Amino acid sequence: MTANALIKDFQDILGKDNVLVAETDRYAYSYDSAVLDPAVPGVVVRPTDVSGLGKVVKLCNDAGAPLTVRGSGTNLSGGTIPKAGGVVVLTGALNKILEINTEDLYARVEPGVITAKFAAAVQAKGLFYPPDPGSQAVSTLGGNVAENAGGLRGLKYGVTKDYVMGVHFFDTDGELIKAGGRTVKCVSGLNLAGLMVGSEGTLGVLSEIFLKLVPPPAAAKAMMAIFDDVEAASRTVSAIIAAKIVPATLEFLDNFTIRTVEEFSHAGLPVEAKALLLIEVDGHPGMVEEDAAKVEELCRAHGAKRIQVAKDAAERNKVWEARRAALSALARVSPTTVLEDATVPRSKVPDMIKALDGIAAKYKLTIGTFGHAGDGNLHPTILTDKRNTEEWHRVEEAVTEIFDVALSLGGTLSGEHGIGLAKAKYLEKETTRGTILYSRRLKKALDPKGILNPGKIMGE
Ligand SMILES: Cc1cc2nc3c(=O)[nH]c(=O)nc-3n(C[C@H](O)[C@H](O)[C@H](O)COP(=O)(O)OP(=O)(O)OC[C@H]3O[C@@H](n4cnc5c(N)ncnc54)[C@H](O)[C@@H]3O)c2cc1C
């Protein structure tokens, strides 16, 4: 349990209203979007300005109290499950968009800004911030940076790391560290901004983020390719990539996911299709027409039964909203939803999809598969009930096999959801023992008392 003296110090700095000690409040921050056991923190604090954030970090370090920063808690790898009795630091009140610079094409934000609100503010200024995790209506930019979040547009536009020009963060002494900033180029000092991206709150606490903005595409065309054969759809993905066309988005949905999403969103998805590819090309209008025609041709050549091109923006948005609802729709089916994001080289998508079918049959599990197929980043989603211990055992075996297959195909444990607590024990399989020890030495040097989000990524 967090010491009373520390709670008193928090109250002095932040005010009583921003220090939550009631059991019900603490319980609300004991879990996140991963299927892992909760751990109830001793106190939850809500800094309302950046200087308060720095002071909280220093107080935790002085007291040796484990600290977990939490944006919106939408991460799927247990990154915000705190140490029992430790401190949870909420960034929700640090939600200012400090600057959107339309001359130099960057923005400066506090870490608690909601991703979709930021993207809309940028759009209103005639610019574009492409990273768009499915959770963007809720997730924070601090959480996106700390997880190096991806999204639907990763194929053409890259992921969060490709937009981080600089960060400010607090080290464990509450010292403000500045890395990178407003310039497109900056090689002054170590690439500490790069170190912070994807560090899941284990190396420092982000207080300000500089993000690159780009001009929006002048035109876009979205289409839905309908297949009555899963393998044909997956081979089409590889064919589009191999033809050197780079759609903004290239998403896959299997039949189970299509039916579940349609029941939830009524977007007009063809429930009889064995698989769907949702594809969007964007850019210069002439190029868009040309690429769209080539994509259509490739889809037909590889067995698409039908292709529906969105007539207007409303139709296009409807389909993308349905796709973004995939996880929420699947999550309604059963009490426990295990969403994985093992990722393979793009040419191996057909092998991965086939292997997933085999794993579902072998372990007698319901697995809906959808995801960013153009990135090789599929989301096999196991629908189960954790209370059924016999079934849960099969789920654990299936998950391990999904990781093994992805790695044997030259892939990775996580394309975008991070390692957190959920996959820490598997990381050595993908890397080496030396990699884990090196990461631990780095953490020990930067966080000697081990207070920053202990246990995440490299274990303890
Ligand atoms: C429905 C749904 C759809 C999703 N779709 C996608 C997707 O398409 N692509 C994708 O990549 N992810 C996706 N996710 C996962 C998740 O939304 C992302 O990982 C997102 O980046 C988490 O943001 P958050 O604000 O919720 O962060 P949190 O979950 O609160 O935190 C994530 C990590 O960041 C750390 N952190 C947060 N703020 C700071 C800070 N200021 N300084 C240091 N560390 C910090 C936390 O300690 C934690 O380790 C999805 C999740 C859901 C529930």
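Higher on the page you've got the structure.
Conventions and cut-offs
Residues numbered from 1 in each chain as written. Predicted model: local features only at pLDDT ≥ 70, side-chain atom pairs only at ≥ 80, totals over all residues. Heavy atoms only, no water. Helix = DSSP H or I, 4+ residues; strand = E, 2+ residues; numbered from the N terminus. Buried < 20%, exposed > 50% of the residue type's maximum accessible area, 1.4 Å probe, protein only. Contact = heavy atoms within 4.5 Å. Areas by Shrake-Rupley, 256 points an atom, 1.4 Å probe, with all protein chains shown as cover. Lys, Arg positive; Asp, Glu negative; His and termini not counted. Charge placed at Lys NZ, Arg CZ, Asp CG, Glu CD. Axes fitted to C-alpha atoms, helices over the stretch in contact; angles between N-to-C directions. Parallel < 35°, antiparallel > 145°, perpendicular 65-115°, else oblique. Left-handed = near helix turned anticlockwise from the far one by under 90°. Nonpolar A, V, L, I, M, F, W, Y, C, P; charged D, E, K, R; others polar. Core = buried A, V, L, I, M, F, W, Y, C linked by side-chain atoms within 4.5 Å. Pairing = 2+ DSSP bridges. Near = heavy atom within 4 Å. Polar contact = N/O pair within 3.5 Å; in protein donor to acceptor, adjacent residues only side chain to side chain. Phe/Tyr/Trp six-rings, centres within 6.5 Å; stacked < 30°, edge-to-face > 60°.

### Re the overall build of the chain
- Scanning the chain from N- to C-terminus turns up 16 helices and 16 strands.
- A principal-axis box enclosing the C-alpha atoms of the chain has dimensions of 70 × 60 × 40 Å.
- Buried residues in the chain amount to 54% of all 460 residues.
- Taking the intrachain contacts of the chain between residues at least 6 apart in sequence as the baseline, contacts between residues at least 24 apart amount to 73%.
- Of the roughly 19500 Å² that the chain leaves accessible, carbon and sulfur atoms contribute 53%.
- The positive charge centre, built from 52 side chains, and the negative charge centre, built from 56, are 2 Å apart in the chain.

### Focus on the packing of helix H8 (residues 230–242) against helix H13 (residues 349–362)
- Interaxial distance between H8 and H13 falls to 8 Å at its minimum, and their mutual angle equals 150°. Compared by their axis directions, H8 and H13 come out roughly antiparallel. Here the hand of the crossing between H8 and H13 comes out right-handed. Together, Val230, Ser234, Arg235 and Ser238 of H8 and Val349, Pro350 and Ile353 of H13 make up the contact between the two elements.
- For the contact of H8 with H13, the residue count by class is four nonpolar, two polar and one charged.

### Here we look at the nonpolar core
- With 56 residues, the main nonpolar core has Phe252, Leu277, Met352 and Ile382 as its most contacted residues.
- Breaking this core down by element, the ones donating at least two residues are strand E10 (219–227), H8, strand E11 (249–254), strand E12 (275–283), helix H10 (285–301), H13, strand E16 (377–384) and helix H14 (389–408).
- Here this core takes eight residues from H14, the largest share from any one element.
- With near-sequence residues (within four places) excluded, Leu277 lies in contact with Met223, Met224, Ala225, Phe227, Ala233, Thr236, Val237, Leu250, Glu251 and Phe252.
- Grouped together as the second largest cluster of nonpolar side chains are 28 residues, Phe118, Val145, Tyr157 and Ile209 included.

### Points about the pairing of E11
- Across the six residues of E11, six count as buried, placing the element largely inside the fold.
- Residues Thr249, Glu251 and Leu253 of E11 are buried on one face, and the alternating residues Leu250, Phe252 and Asp254, pointing to the opposite face, are buried as well.
- Sheet topology places E11 next to E12; six bridges connect them, and they run antiparallel. Each residue of the ladder has a partner; that of Thr249, found in E12, is Glu280.
- Alignment of E11 against strand E15 (residues 366–372), held across two bridges, turns out to be antiparallel.

### Some remarks on the site of the ligand
- Around the ligand, 35 residues are found, and the nearest of them are Val69, Gly71, Thr74, Ser135 and Thr140.
- Here an oxygen atom of the ligand sits 2.6 Å away from a polar atom, N or O, in the main chain of Val69.
- Within the backbone of Gly134, an N or O atom sits 2.8 Å from an oxygen atom of the ligand.
- Within the residue set of the shell around the ligand, elements represented by two or more residues are strand E3 (67–70), helix H5 (141–147) and strand E9 (205–212).
- Grouping the constituent residues of the shell around the ligand by class yields nine nonpolar, 22 polar and four charged.

### Topic: the packing of aromatic side chains
- Scanning the entire structure with this criterion turns up six aromatic pairs.
- A ring pair is formed by Tyr27 and Tyr31, whose centres lie 6.3 Å apart and whose planes are at 55°; its orientation type is tilted.
- Among the residues examined, Tyr27 registers a relative accessible area of 44% and is labelled partly exposed.
- Put simply, the rings of Phe118, Tyr129 and Tyr163 touch in pairs and so form one group of aromatic residues.

### What to know about the sheet that holds strand E8 (residues 176–180)
- Read across the sheet, five strands follow the order E5-E6-E9-E7-E8 without closing on themselves; strand pairing throughout is antiparallel. Each of the sheet's edge strands pairs with one partner strand only, and the pair in question is strand E5 (97–101) and E8. Here the average twist between neighbouring strands, direction ignored, is 10°.
- Where helix H3 (residues 50–63) meets the sheet, its contacts fall on strand E7 (164–170) and E9, and the angle it forms with E9 comes to roughly 135°.
- Packing of helix H4 (residues 115–124) onto the sheet brings it into contact with E5, strand E6 (106–109) and E9, and relative to E5 it is tilted by some 35°.

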